[in-house]
Amino acid sequence: MRIDKFLSNMGFGSRKDVKVLLKSKAVEVNGEVVRDAKQHVDEVADLITVAGEKVDYAEFIYLMMNKPPGVISATEDKYDQTVIDMLGDEERHFEPFPVGRLDKDTEGLLLLTNDGKLAHELLSPKKHVAKTYYARIDGVVTEADGEAFRNGVILDDGYQTKEAFLRILKSGVESEIELTITEGKFHQVKRMFESVGKTVVYLKRLSMGSLELDPDLELGEYRYLTEEELIGLKEKK
Ligand code: URA
């Protein structure tokens, strides 16, 4: 792996930040100063230091993806492309998996990691991790829907949803909204709107806990979480 990618993945900032670090002669590989961002290192075998401190190769990987429609949130699928198929070899090597599922036609924020403990905490119903979605709705969304969602609505299987928060961005024949829920029932947002007689025609996840979708990520793109994003997710959720 290139030294700039390795250091960026280990939390030393963007590749640009790492270039500055390399220029400052703070980086050594097996005792030799390295200034060339393109130099390849063996991240397992080489002794890599920054300002004299050993940089340990992390066993965990944390990626944020802007999931495109038409792709399955799973590690493998017989028929469809999965979010894992969209990763490069370097990332796949860590065997990440998606934290929770987005429907095939849903876009937006998807966290991919091989950190089972963090995934479990984010998905645990006891932790009430908030997830915010942007949606376009076929139908006039009203404050009465907001009140219904706050109080909990009954889904088609009889389940009563927990308190959820609706923000109406545009109310009309086709409405635009943001909805924040703290659970992850199957097709939850779509079924909540069905329960008030409306249909979700477009759905995108914007955030999960403290983690927000990077607006610079195009559909299908992904990047490593920054140190701050990871700390935020682990501490605040
Ligand atoms: N709710 C849905 O209906 N679909 C998703 O993909 C996520 C939440």
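Residues numbered from 1 in each chain as written. Predicted model: local features only at pLDDT ≥ 70, side-chain atom pairs only at ≥ 80, totals over all residues. Heavy atoms only, no water.

Counting its regular elements, the protein chain contains 7 helices and 13 strands. Along the first, second and third principal axes, the C-alpha atoms of the protein chain reach 65 × 35 × 30 Å. Counting across all 237 residues of the protein chain, residues that qualify as buried make up 47%. Across the protein chain, the fraction of contacts at a sequence separation of at least 24, relative to all contacts at a separation of at least 6, is 64%. (Helix = DSSP H or I, 4+ residues; strand = E, 2+ residues; numbered from the N terminus. Buried < 20%, exposed > 50% of the residue type's maximum accessible area, 1.4 Å probe, protein only. Contact = heavy atoms within 4.5 Å.)

A separate point is the UniProt feature "domain: RNA-binding S4" (unreviewed entry) in the protein chain. Here the UniProt feature "domain: RNA-binding S4" (unreviewed entry) sits at residues 1-59. This span, residues 1-59, is 27% helix and 17% strand, and a straight line between its end C-alpha atoms measures 15 Å. (UniProt positions renumbered as here; feature names shortened; annotations may be inferred.)

Okay, the pairing of strand S7 (residues 107-113) next. Sheet faces and side chains relate simply in a regular strand, where the side chains alternate between the two faces. Most of S7 sits out of view: 7 of its 7 residues are buried. The pairing of strand S5 (residues 62-67) with S7 spans 6 bridges and is antiparallel. Bridge assignment links Asn 66 to a residue of S7, and that residue is Leu 109. Summarising the sheet, strand S6 (residues 97-98) and S7 pair through 2 bridges and their orientation is antiparallel. Its bridge partner lying in S7, Phe 97 is registered against Thr 113. Relative to strand S11 (residues 199-208), S7 runs parallel, the two being bridged by 2 bridges. Looking at S11, one finds that Glu 107 is bridged to Lys 204. (Pairing = 2+ DSSP bridges.)

Our focus in this paragraph is the site of the ligand. The immediate surroundings of the ligand are formed by Leu 102, Asp 103, Thr 106, Tyr 133, His 187, Gln 188, Val 189, Lys 190 and Leu 203. At 3.5 Å from an oxygen atom of the ligand is found a main-chain nitrogen or oxygen belonging to Gln 188. Coverage of the ligand by the protein chains reaches 96% of its 240 Å² of free accessible surface. Residues of the shell around the ligand, tallied by class, amount to 4 nonpolar, 3 polar and 2 charged. For the shell around the ligand, the two domains that each supply at least three residues are domain 2 (62-125 + 211-235) and domain 3 (131-208). (Near = heavy atom within 4 Å. Polar contact = N/O pair within 3.5 Å; in protein donor to acceptor, adjacent residues only side chain to side chain. Areas by Shrake-Rupley, 256 points an atom, 1.4 Å probe, with all protein chains shown as cover. Nonpolar A, V, L, I, M, F, W, Y, C, P; charged D, E, K, R; others polar. Domains from an automatic or database assignment.)

In this structure, Asn 114 sits in the loop between S7 and helix H4 (116-123). A distance of 3.0 Å separates a polar atom in the side chain of Asn 114 from the backbone oxygen of Phe 94. Excluding residues within four positions of it along the chain, Asn 114 makes contact with Glu 59, Phe 60, Ile 61, Phe 94, Glu 95, Pro 96 and Phe 97.

Quick look at the domain arrangement of the protein chain now. Split into domains, the protein chain comes out as domain 1 (3-54), domain 2 (62-125 + 211-235) and domain 3 (131-208). Here domain 2 and domain 3 share an interface that buries about 1100 Å² over both sides, 47% of which is from carbon and sulfur atoms. Its largest share of buried area at the contact with domain 3, domain 2 owes to Asp 103, Glu 107 and Leu 109, together 39% of the area lost on that side. Along the contact surface separating domain 2 from domain 3 lie 2 salt bridges. We note a salt bridge from Asp 105 to Lys 190, for which the minimum N-O separation is 2.7 Å. Where domain 2 touches domain 3, the interface holds 9 residue pairs in polar contact (both at pLDDT 80 or more). Breaking the side of domain 2 that touches domain 3 down by element, the ones donating at least two residues are S7, H4 and strand S12 (211-212). Residues belonging to the side of domain 2 that touches domain 3 are distributed by class as follows: 9 nonpolar, 2 polar and 4 charged. (Buried area = accessible area lost by both parts, 1.4 Å probe. Salt bridge = Lys/Arg side-chain N within 4 Å of Asp/Glu carboxyl O.)

Further remarks concern helix H7 (residues 227-235). All of the buried residues along H7 are Glu 229, Leu 230, Gly 232 and Leu 233. Buried residues in H7, looked at end-on, bunch into an arc of 160 degrees, giving them a common side. More than 90 degrees from the buried face of H7, the exposed residues found are Glu 228 and Glu 235. (Arc of directions from axis to C-beta.)

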